[in-house]
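Working through the structure, step by step
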Amino acid sequence: MFFWVDAICINQEDIVEKNSQVLQMSSIYRCADQVLSWLGVEAYDSDYAIEMITDVSGKIAAALDKGDPLSWMVPSQTELWQANYHYKVANRFWSSAVWLLRRPYWSRAWIIQEIVLAREVTMLCGIKPIRFQDLVTISTWILGLLAATAPPFCRQQGLGLSGNAIGLGTSRMATSR
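Residues numbered from 1 in each chain as written. Predicted model: local features only at pLDDT ≥ 70, side-chain atom pairs only at ≥ 80, totals over all residues. Heavy atoms only, no water.

Our focus in this paragraph is the sheet that holds strand β3 (residues 128-131). Spatially, the three strands line up as an open sheet ordered β1-β2-β3, and their pairing is mixed. A single partner strand is all that each edge strand has here, and the edge strands are β1 (35-40) and β3. Neighbour-to-neighbour, the strand axes of the sheet open up by a mean angle of 30 degrees, direction not taken into account. Alignment of β1 against strand β2 (residues 121-125), held across five bridges, turns out to be parallel. Of the residues in β2, the one forming a bridge with G40 is C125. (Pairing = 2+ DSSP bridges. Helix = DSSP H or I, 4+ residues; strand = E, 2+ residues; numbered from the N terminus. Axes fitted to C-alpha atoms, helices over the stretch in contact; angles between N-to-C directions.)

Structure, rendered in structure tokens:
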């Protein structure tokens, strides 16, 4: 078993070495059986967000396939989640999931090849692992809720989805595999 850790294997201070290694990264990601991506240390209840996303991602994927993004929840949960979506009530899941998807990791351009070229990607936040595909599922679900609740003039113009670059990016990546 071989490990390649870019932060260790590339001298970040040597621009020439860094540039030559960056050119090789696409083949490294393509050949890797597993890519582990570091999101950062546990913070803002990220452990809880990862546990919940992992727990519900299969149910959400099935609901998305049916075209009904809320059908996976029991009726008593549906109203709570809708109310929380409109920020009327604080919700531990929404708060922690939003913080997880707003981490600086998602703003870095080089993560695209690491996510798109790898056979399988597992994200690590602290010591908690989460499959990248589970994050794609939750992002797609959130975008579906945003689209469903946007005013009609926004839906017609394709507006109302701004402010969630991770969701847009992961949706595109999920379809490109």
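Time to look at the packing of aromatic side chains. Throughout the structure, instances matching the rule amount to two aromatic pairs. Aromatic pair Y44 and W99: ring centres 4.2 Å apart, planes at 10 degrees, arrangement stacked. Here W99 lies in helix α5 (residues 92-101) and Y44 lies in the loop between β1 and α3 (46-66), a separation of 55 residues in the sequence. Taking relative accessible area as the criterion, Y44 reaches 54% and is therefore assigned exposed. Ring geometry for Y105 and W106: centres 4.9 Å apart, planes at 85 degrees, overall edge-to-face. Classification of W106 by relative accessible area gives buried; the value is 13%. (Phe/Tyr/Trp six-rings, centres within 6.5 Å; stacked < 30°, edge-to-face > 60°. Buried < 20%, exposed > 50% of the residue type's maximum accessible area, 1.4 Å probe, protein only.)

The values reported here are purely geometric and, on their own, carry no functional implication.
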